[in-house]
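Observations on chain architecture
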Amino acid sequence: MFGEKILDYWDDIVRDLGKLVAIPSVAVPTEGEHPFGDPCAKALDTAVELAESYGLKAKNVDYYAAHAEIGEGEGNAVVMAHLDVVPAGEGWDSDPFTMVLTEDSRAIGRGVADDKGAAVVALHCLRAIKDAGVKGKRKLRVIFGSAEEIGMHDMPYYFSKEQHPDMGFTPDAGYGICHCEKGGLNFQVKGANDSTLIKSFTAGTVPNAVPSKAECQVVCTAAEREKLAEAAGHLGIAVEVTPTEGGAKLLAKGKAAHAAAPQTGMNAASYLVELLYEVFSGERLGSFFTFIHEKIALTSDGSLLGVNISDEPSGSLTFNLGIVRVTPEDCCLTVDIRYPATKEGKWVSGTIRKAVEAAGLEFVQLSDAVPLYLPKESRLVTLLSGAYKDVTGEDCDIFSMGGGTYARQMFGKGVAFGPGFHDDIPAHEHDVNEQINLEKLKLHAQICLEAMYRMFTAD
């Protein structure tokens, strides 16, 4: 099987992965020659240098992205990986930007799993196909992005300069094939603080996570403070009620979760608003908090706003109240919605806008990432699933998810495919001591080479 040829390059793969991990390529939008910062620029330069050293054609596209390439023809099959990483964070047992190889065949370092390991593998797969003298039916590119972790703004620019793919995959998820990614809609609701009760309210830091903590300052009597403490005792989450001059400070502690599955968390902001409504009237809380109580409450499916839709390929819409910020003057909340892949974000946002404006508040749409959907019987899914089965001997699972990858940047021509395996320790982008099982990476490398070979040579 052609995929086995990648094992001849294994030592080079591990060495090159160490080189890329050593670059702290956290994407930061900047002005000037390097749009996402000097470290990301260095990572792209390194990828180009490696590609050229292996006899591959390579190009840096204005430091937004780069690619290595073999073959000729009108078609263009691609593998898209990214070289930017999330910040290292605290708590590492070693330098996060020095790759450590363990005795149990793991590599530890920021980016080994997300997504530098897969990027290096794809580069060497391209090298292996070239070295074997394979004649393809189209161009075959490995595209290296530099801003996937901060919104994928690298790819619109790259594809404004370069050829669009007619098929491809991104190795930035898990096996089998993610043929369906929900749409992603972010919006804000804003208004003046007309509450006579709430002086401040703070919850969440990012829209795509269920807030695990919420705090607020309220103006109330001692008797009302006692009612708050009593009601908090049977709320379902822990709430601390602390006396202050003229009122109370409330601290609610819920359970964090990703916005793709908000029902698995406990939204501290929503619970705290429900506690306030149990004790006080809507008139005292004002229009902003009345909207949260009546149109969001403890739901995570958008049902109170009439957008609880679903479809067969991707499942139900998810709705996450991610951030709430209230000062004595102003109120603002931010929501992350993942809507079904066969539905339209325009209808979702339009329905919500009507409800927000009917409440006397302002609706501000921040983004609408269009969904990805390739039918299970499509040519690409069939080709990739065949490569997976021939290498592993197992049927390839076809699934959907609420998260987003570079696959949705491929104009409806790509999917997410690997490199993670269900029976391995899952790696998450924000994990300290980020690691990857090198034996599993070897298996991924064989699948990746087999898949790239088939994309390159398919009629």
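This text goes with the structure placed above it.
Bear in mind that the values here come from a model prediction, so they are computed numbers and not experimental data.

Let's shift gears to the packing of aromatic side chains. This structure, assessed with the given rule, holds 13 aromatic pairs. For the pair F36 and Y64, a centre-to-centre distance of 5.5 Å together with 90° between the ring planes defines the contact as edge-to-face. Taken as a pair, F36 in the loop between α1 (10-21) and α2 (38-53) and Y64 in the loop between β1 (57-61) and β2 (65-70) lie far apart in primary sequence, 28 residues in all. Judged by its relative accessible area of 22%, Y64 is partly exposed.

Among the nine residues of strand β17 (residues 318-326), eight are classified as buried, and the element is accordingly described as predominantly covered. As defined by bridge partners, strand β11 (residues 198-203) adjoins β17 across three bridges and the pair is classed as antiparallel. Note that in β17 the partner of A203 across the bridge is V324.

Spatially, β4-β5-β24 is the arrangement adopted by the three strands of the open sheet, whose pairing is antiparallel. Of all the strands in the sheet, just β4 (100-101) and β24 (435-437) have a single pairing partner and so form its edges. By the bridge criterion, two bridges tie β4 to strand β5 (residues 106-108) in an arrangement that is antiparallel. Counterpart to V100 in the pairing with β5 is I108. Most of the contacts of helix α10 (residues 438-457) go to β24, to which it runs at about 65°, and overall it touches β4, β5 and β24.

Turning to the pattern of salt bridges, a few remarks are in order. The tally for this structure, following the rule as stated, stands at 22 salt bridges. Measuring nitrogen to oxygen at the nearest pair gives 2.9 Å for the salt bridge that ties D395 to K389. Overall, D395 belongs to the exposed group, its relative accessible area being 59%. Owing to a relative accessible area of 42%, K389 belongs among the partly exposed residues under this scheme. By sharing partners, the salt bridges in this structure join D12, R15, D16, R127, K130 and D131 into a single network.

In spatial order, the strands read β13-β14-β12-β11-β17-β18-β10-β19; together these eight strands make up an open sheet with antiparallel pairing. Two strands close off the open sheet at either side, each with one partner strand: β13 (238-244) and β19 (362-369). Going across the sheet, the axis of each strand differs from the next one's by a mean of 20°, ignoring polarity. The strands touched by helix α8 (residues 345-358) are β10 (183-192), β18 (330-339) and β19; relative to β19, the strand with the most contacts, the crossing angle is about 165°.

So, about helix α9 (residues 379-392). With 14 residues, α9 ought to run about 20 Å at 1.5 Å a step, and its terminal C-alpha atoms sit 20 Å apart, in line with that. Taken as a whole, α9 has its buried residues at L380, V381, L383, L384, S385, A387, Y388 and V391. Where α9 is buried, its residues touch β7 (167-170), β9 (177-181), β21 (398-401), β22 (414-417) and α10.

Now for the pairing of β2. Burial within β2 is extensive, with six of its six residues counted as buried. In β2, alternate side chains face the same way, and those of A65, H67 and E69 on one face and A66, A68 and I70 on the other are all buried. Pairing geometry for β1 and β2, over five bridges, is antiparallel. Within the sheet, the bridge partner assigned to A58 lies in β2 and is A68. Between β1 and β2, which pair antiparallel in sequence order, lie three residues; one of them, D62, sits at a positive phi of approximately 55°. In terms of strand pairing, β2 meets strand β6 (residues 139-145) through six bridges, oriented antiparallel. Residue pairing in the sheet places A66 in a bridge with F144 of β6.

What counts and how
Residues numbered from 1 in each chain as written. Predicted model: local features only at pLDDT ≥ 70, side-chain atom pairs only at ≥ 80, totals over all residues. Heavy atoms only, no water. Phe/Tyr/Trp six-rings, centres within 6.5 Å; stacked < 30°, edge-to-face > 60°. Helix = DSSP H or I, 4+ residues; strand = E, 2+ residues; numbered from the N terminus. Buried < 20%, exposed > 50% of the residue type's maximum accessible area, 1.4 Å probe, protein only. Pairing = 2+ DSSP bridges. Contact = heavy atoms within 4.5 Å. Axes fitted to C-alpha atoms, helices over the stretch in contact; angles between N-to-C directions. Salt bridge = Lys/Arg side-chain N within 4 Å of Asp/Glu carboxyl O. Expected span 1.5 Å × (residues − 1).

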